[in-house]
Amino acid sequence: MSKITDRYAIVGVGESERSKNSGVTPLHLALDAARAAISDAGLEAKDIDGFMSYNENDSCTSHQLATNLGVRPKYVKDILGGGSSTELLIADAISLIESGELNTVLIFRSMNGRSGSRVGGGWDPNMLQANIDGGSYIIPYGAASPGQWFGLFATRHMYETGITQEHLGHVCVSFYEHAQRNPKAFFHGRPLTMEDYLNTPHLSYPFTKHDFCLESDEANAIIVTSAEQAKDCKTKPVYIMGMSSRQCHPHSHYWSDLSQVASDYVAPEVYQSAGVKAEDIDVASIYDCFSWVVLRQLEAYGFAPRGEVGDFVAEGNLRIDGKLPTNTAGGMLSEGYTHGMNNVLEIVRQLRHQYGETDRQVKNCEIGICTGWAGPDIAGAMILRN
Amino acid sequence: MTYQKPIPLKNIDNAPYWDAADHHEMKLQKCNDCSNYNHPPGPGCSKCGSTNLSWKNFGSDVKGKVYSYIISYRPFLPGFQNDIPLVIAQVELDNAKDVRIIANIIDCEPDKVEIGKSVRMVWEDITDDRALPQWKINE
Ligand SMILES: [Zn+2]
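Residues numbered from 1 in each chain as written. Chains lettered and ligands numbered in written order. Predicted model: local features only at pLDDT ≥ 70, side-chain atom pairs only at ≥ 80, totals over all residues. Heavy atoms only, no water.

Draft legend 1. Fine view of the overall build of chain A. Counting secondary structure elements, chain A contains 13 helices and 11 strands. Expressed along its principal axes, the backbone C-alpha trace of chain A runs to roughly 50 × 50 × 40 Å. Every one of the 386 residues in chain A was classed for burial, and the buried ones make up 65%. In the structure as shown, chain A presents an accessible area of about 13,800 Å², 47% of it carried by carbon and sulfur atoms. Each charge class in chain A can be summarised by its mean position, and for the 31 positive and 46 negative side chains these summaries are 4 Å apart. (Helix = DSSP H or I, 4+ residues; strand = E, 2+ residues; numbered from the N terminus. Buried < 20%, exposed > 50% of the residue type's maximum accessible area, 1.4 Å probe, protein only. Areas by Shrake-Rupley, 256 points an atom, 1.4 Å probe, with all protein chains shown as cover. Lys, Arg positive; Asp, Glu negative; His and termini not counted. Charge placed at Lys NZ, Arg CZ, Asp CG, Glu CD.)

Draft legend 2. How the structure looks around the interface of chain B and chain A. Opposite the 35 residues of chain B that make contact, chain A presents 36 residues. Interface of chain B and chain A: buried area, both sides summed, is about 3,200 Å²; carbon and sulfur atoms make up 63% of it. For the chain B face of the interface with chain A, the top three residues by lost area are Pro40, Phe76 and Ile102 of chain B, together amounting to 20%. Joining chain B to chain A, the criterion identifies zero salt bridges. Every element with two or more residues in the side of chain B that touches chain A is listed here: helix H1 (15-22), strand E3 (63-72), strand E4 (86-93), strand E5 (96-104) and strand E7 (131-137) of chain B. When residues in the side of chain B that touches chain A are grouped by element, the largest group, six residues, is from E3 of chain B. Its residues assigned to classes, the side of chain B that touches chain A comprises 24 nonpolar, nine polar and two charged. (Contact = heavy atoms within 4.5 Å. Buried area = accessible area lost by both parts, 1.4 Å probe. Salt bridge = Lys/Arg side-chain N within 4 Å of Asp/Glu carboxyl O. Nonpolar A, V, L, I, M, F, W, Y, C, P; charged D, E, K, R; others polar.)

Draft legend 3. A look at the packing of aromatic side chains. Residue and element names in this part refer to chain A. Counted according to the given criterion, the structure contains 17 aromatic pairs over all chains. Plain terms: the ring middles of Phe150 and Tyr254 are 6.5 Å apart, the flat faces sit at 50° to each other, and that makes the pair tilted. One end of the pair, Phe150, is in helix H5 (residues 146-161); the other, Tyr254, is in the loop between strand E8 (238-247) and helix H9 (263-274), and 104 residues separate them in sequence. Per residue, the accessibility class of Phe150 equals that of Tyr254, and both read buried. (Phe/Tyr/Trp six-rings, centres within 6.5 Å; stacked < 30°, edge-to-face > 60°.)

Draft legend 4. Examining the pairing of strand E5 (residues 202-205) of chain A more closely. Residues and elements named next belong to chain A. Across two bridges, E5 lies against strand E6 (residues 207-208) in antiparallel orientation. Residue pairing across strands places Ser204 opposite Phe207, the latter belonging to E6. Between the antiparallel neighbours E5 and E6 lie one residue. (Pairing = 2+ DSSP bridges.)

Draft legend 5. Quick peek at the nonpolar core. Ranked by size, the top nonpolar core spans 78 residues in total, and within it Tyr271, Cys289, Trp292, Leu298, Tyr301, Phe303 and Ile383 of chain A carry the most contacts. Excluding anything up to four places from it in sequence, Tyr271 of chain A contacts Val276, Lys277, Ala278, Ile281, Tyr301, Phe303, Ile369 and Ile383 of chain A. (Core = buried A, V, L, I, M, F, W, Y, C linked by side-chain atoms within 4.5 Å.)

Draft legend 6. Quick look at the UniProt feature "domain: Thiolase C-terminal" (unreviewed entry) in chain A. As annotated by UniProt and renumbered to match this structure, "domain: Thiolase C-terminal" (unreviewed entry) occupies residues 248-376 of chain A. Helix and strand shares over residues 248-376 of chain A are 34% and 9% respectively, and the end C-alpha atoms of the span are 8 Å apart. (UniProt positions renumbered as here; feature names shortened; annotations may be inferred.)

Draft legend 7. Here's a closer look at the UniProt feature "domain: ChsH2 C-terminal OB-fold" (unreviewed entry) in chain B. In the UniProt entry, the feature "domain: ChsH2 C-terminal OB-fold" (unreviewed entry) is given for residues 63-124 of chain B. Counting secondary structure, residues 63-124 of chain B comes out at 0% helix and 55% strand; the distance between its end C-alpha atoms is 16 Å.

Draft legend 8. Representation of the confidence of the model for chain B within the structure. Residues with a pLDDT of 70 or more make up 99% of chain B, whose mean pLDDT is 96. Across the whole predicted complex the pTM is 0.96, and at the interface the ipTM reaches 0.97. (pLDDT = per-residue confidence, 0-100.)

Draft legend 9. Geometry of the domain arrangement of chain A. Residues and elements named next belong to chain A. Its domain assignment divides chain A into domain 1 (8-114 + 215-230) and domain 2 (145-213 + 240-386). One C-alpha centre belongs to domain 1, the other to domain 2, and the line joining them spans 23 Å. In this assembly, domain 1 packs against domain 2 so that about 2,600 Å² is buried in total across both faces, 63% of it on carbon and sulfur atoms. Our count for the domain 1 to domain 2 interface comes out at three salt bridges. The salt bridge involving Glu15 is made with Arg349; its shortest N-O contact spans 2.8 Å. Here domain 1 is connected to domain 2 by 15 residue pairs in polar contact (both at pLDDT 80 or more). Those elements giving two or more residues to the side of domain 1 that touches domain 2 turn out to be strand E1 (8-15), helix H3 (85-98), strand E4 (104-112) and strand E7 (217-226). Here the side of domain 1 that touches domain 2 takes eight residues from E1, the largest share from any one element. (Domains from an automatic or database assignment. Polar contact = N/O pair within 3.5 Å; in protein donor to acceptor, adjacent residues only side chain to side chain.)

Draft legend 10. A look at the pattern of salt bridges. Residues and elements named next belong to chain A. Taken as a whole, this structure holds 27 salt bridges over all chains when the rule is applied. In this structure, the salt-bridge partner of Lys46 is Asp47, at a minimum N-O distance of 3.8 Å. Lys46 sits in the exposed class, given a relative accessible area of 60%. Looking at Asp47, the relative accessible area reads 29%, which means it is partly exposed. One salt bridge connects Glu346 with Arg360, and the closest N-O pair in it is separated by 3.6 Å. One end of the pair, Glu346, is in helix H13 (residues 341-352); the other, Arg360, is in the loop between H13 and strand E10 (367-375), and 14 residues separate them in sequence. By relative accessible area, which is 3% here, Glu346 ends up buried. On the basis of relative accessible area, Arg360 is assigned to the buried category, the value being 13%. Several salt bridges converge on common partners, so that one network encompasses Arg156, Glu160, Asp264, Arg296, Glu299 and Arg306.

Draft legend 11. Quick peek at the coordination of the zinc ion. At 2.3 to 2.4 Å from the zinc ion lie its protein donor atoms, namely Cys31 of chain B (SG), Cys34 of chain B (SG), Cys45 of chain B (SG) and Cys48 of chain B (SG). Spacing between the donor residues of the zinc ion along the chain follows C-x2-C-x10-C-x2-C. (Donors = N, O, S within 2.8 Å, 3.2 Å for Na, K, Ca; no water.)

Okay, here's the thing in structure tokens:
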């Protein structure tokens with residue numbers, strides 16, 4: 001256990017509408033998500049004194065959001081980043097509350113990820129070469145997409161550990177199955193069978209379009225405060241047992257070494273911080289920008305030994321009644337894509353038992369893990385309990 | 001017809017590598033203190049932090065084994081529309097095992113690629129004064 005264990009909580013979560021074309025700016029989406037999270041917590045906007053966000057130069061600022069809520073915040077912070085940023089910012093929020101600077105912090109991610117600035121392309125090759133560390137060694141060869149960079153890790157890892165295309169398919173099929181129970185999921189009403197999956201051509205071997213995350217317009221928000229203040233909130237607090245987030249790889253050009261990822265470093269730290277083990281986890285949100293990234297993290301976080309992760313997913317363990325129900329709203333493969341925050345919202349709702357007696361609720365879940373992955377070099381994770 | 005694909009941009013750290021490539025040779029940055037190669041190169045050794053770095057010339061006979069690969073069926077950058085399917089491979093060098101270099105495997109059917117396959121470096125003359133290292137399968 002660490003100094004922060006059970007002393008901070010997520011007390012509110014909220015999201016905007018999710019669409020292919022929001023027709024509004026990220027500020028409008030962020031306001032919808034923030035108001036939903038504030039209402040969920042039973043707070044008023046003026047109770048929030050810190051606002052934080054992550055973005056890729058595709059969003060509004062925390063200050064814009066705060067002022068449009070009629071709040072003059074004590075503290076705002078916007079960082080450049082994708083996956084794992086939620087965990088990084090929660091750690092910052094806790095530090096600021098711990099030091100007495102702030103009381104309650106709202107963290108959001110807002111993006112027109114489909115109709116606006118898309119991760120999938122449209123970049124100037126020379127800009128990419130100049131801005132990506134070691135860009136001259138990849139961009140002239142047509143390798144400009146995370147799907148290609150992570151794909152190099154995937155092909156090697158699959159070769160070494162016996163993971164097959166069908167194992168990737170089990171990740172997709174399990175998450176799409178969750179999405180069929182979630183009317184707000186992007187791929188609700190579009191189920192995926194293993195036969196469909198295996199008949200889908202590769203977009204970038206070893207990945208088909210189903211192995212890639214989707215792109216959506218949406219905003220998500222969460223509210224973090226101390227355990228004492230959480231008692232006054234409307235909803236059941238979800239306590240943070242432990243967390244870890246770091247950028248860590250032996251070379252700044254992470255593709256120079258395909259054998260290790262930052263999750264390998266974060267995993268022991270997050271368990272130590274929370275004082276629990278992998279076998280204590282009841283429900284998971286595992287960052288899923290690509291199906292294979294889930295498999296690599298299942299290995300890193302100790303849910304199955306190296307070499308047995310494929311069997312673990314083939315046995316149906318990611319499904320709602322499996323050993324480790326994972327990304328139960330559909331994840332980024334089939335629910336929505338905000339670089340991970342939608343997966344945080346879902347695990348908070350699961351741990352509150354918000355879905356009650358419906359088929360969406362993971363039965364008797366008490367402890368959950370949420371992981372982030374910005375790439376093989378950046379990982380964040382937190383363990384939560386109800 | 002001018003070259004449509006991105007040309008490697010030289011900078012203060014990588015210029016010796018790309019200058020050598022223009023002459024159809026391969027040079028790698030090497031740390032004089034810990035003897036490790038540093039690739040991609042930089043101002044400090046990623047193994048020990050030393051700035052005591054030099055460049056070793058491997059000449060034009062560079063061989064290796066496919067360590068990993070992907071095959072793109074869609075161009076992710078302008079200029080690659082006629083190169084689909086595009087094989088992008090990371091190759092472990094026979095003479096410097098800890099160095100792995102990414103390039104395309106050219107003139108190669110996708111189903112001929114596999115991990116462990118033996119390849120050699122070739123250089124494509126892409127402009128009057130620039131050349132791009134590529135991999136080719138050793139038959
Ligand atoms: Zn050194």
